[in-house]
Each structure stands twice: as C-alpha cells, then as structure tokens.
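A structural walkthrough
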Amino acid sequence: MEDPAGQRQVLVCQYQNCLARGSAQVLAAFQSQPVPDTSISASGCLGQCNMGPNVRVVPDEVWYCRVQPSDVPAVVEEHLQAGHAVESLLHPRFHPKRF
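Residues numbered from 1 in each chain as written. Predicted model: local features only at pLDDT ≥ 70, side-chain atom pairs only at ≥ 80, totals over all residues. Heavy atoms only, no water.

**Some words on helix H3 (residues 72-81)**
The periodicity of an α-helix, 3.6 residues per turn, causes residues three or four positions apart to be oriented the same way. All of the buried residues along H3 are Val72, Val75, Val76, His79 and Leu80. Down the axis of H3, the buried side of the element spans an arc of 115 degrees, and every buried residue falls inside it. Contacts made by the buried residues of H3 are with strand E1 (8-13), helix H2 (23-31), strand E2 (38-43), strand E3 (55-58) and strand E4 (62-64). After H3 finishes, the residue glycine 83 shows a positive phi value of roughly 85 degrees. (Buried < 20%, exposed > 50% of the residue type's maximum accessible area, 1.4 Å probe, protein only. Helix = DSSP H or I, 4+ residues; strand = E, 2+ residues; numbered from the N terminus. Arc of directions from axis to C-beta. Contact = heavy atoms within 4.5 Å.)

Next comes the structure, spelled out in structure tokens:
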C-alpha cells in the first residue's frame, strides 16, 4: 500500500464502527495538521472494528487504536515529525507489549 512516490500515508478508517466512534473527526484533525511528505486518507475497513477508531501508518506499519481527535497532535508531533510511535495508542494486536 505504499504510495508510489514513497510518501508516508496515514489511513483513517471510515467504516461503520469506526465512523460511529468518531473517526470522521479524527480524519479532519489529521487533515488540519499537514505534514510534509505525508498523505492523509480515509480508508475502508481495516478489520479491527472492536478497537476503533483505527489509524494505520504506512510504510511504517504502525497501527493505532481508539484514536480520538485530541490524540492527533501527539501522533503528528511524536510519530510523523519525530519518528517515534505514540506508545499509549499502539494497537495491542500488532504491537504487543514486551515485558
């Protein structure tokens, strides 16, 4: 799913469960904070409906769950600009905690 230009993509699920939990507002929050070389896109179902709203960053393969509009500045600053995933939002199925 990597963009042909090598650009990072932020995919924000806009399918039923995520949409019902506020993913349209999450998408709007990302779109209001553009980041160079990063595209923000609405996506169809990401298959993680019980953990929505879901956000997937490719090609990084970082999955965030239960994202709220108030979380977006941290994702933009810490992940998209500084390169560090936001630990508190990581989806446990794809990023299990290591003890």
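**A short note on the nonpolar core**
Among the nonpolar cores identified, the biggest contains 19 residues, and Val10, Val12, Val26, Phe30, Val55, Tyr64 and Leu80 are the most heavily contacted of them. Within the residue set of this core, elements represented by two or more residues are E1, H2, E3, E4 and H3. Setting aside residues up to four positions removed in sequence, valine 10 forms contacts with Phe30, Thr38, Ser39, Ile40, Ser41, Val55, Arg56, Val57 and Leu80. (Core = buried A, V, L, I, M, F, W, Y, C linked by side-chain atoms within 4.5 Å.)

**Examining the pairing of E1**
With five of six residues buried, E1 is to be regarded as a mostly interior element. Examined bridge by bridge, E1 and E2 share six bridges and lie parallel to one another. Among the inter-strand pairings, glutamine 9 is bridged to a residue of E2, identified as serine 39. The sheet contact formed by E1 and E3 spans four bridges and is antiparallel. What sits directly across from valine 10, in E3, is valine 57. (Pairing = 2+ DSSP bridges.)

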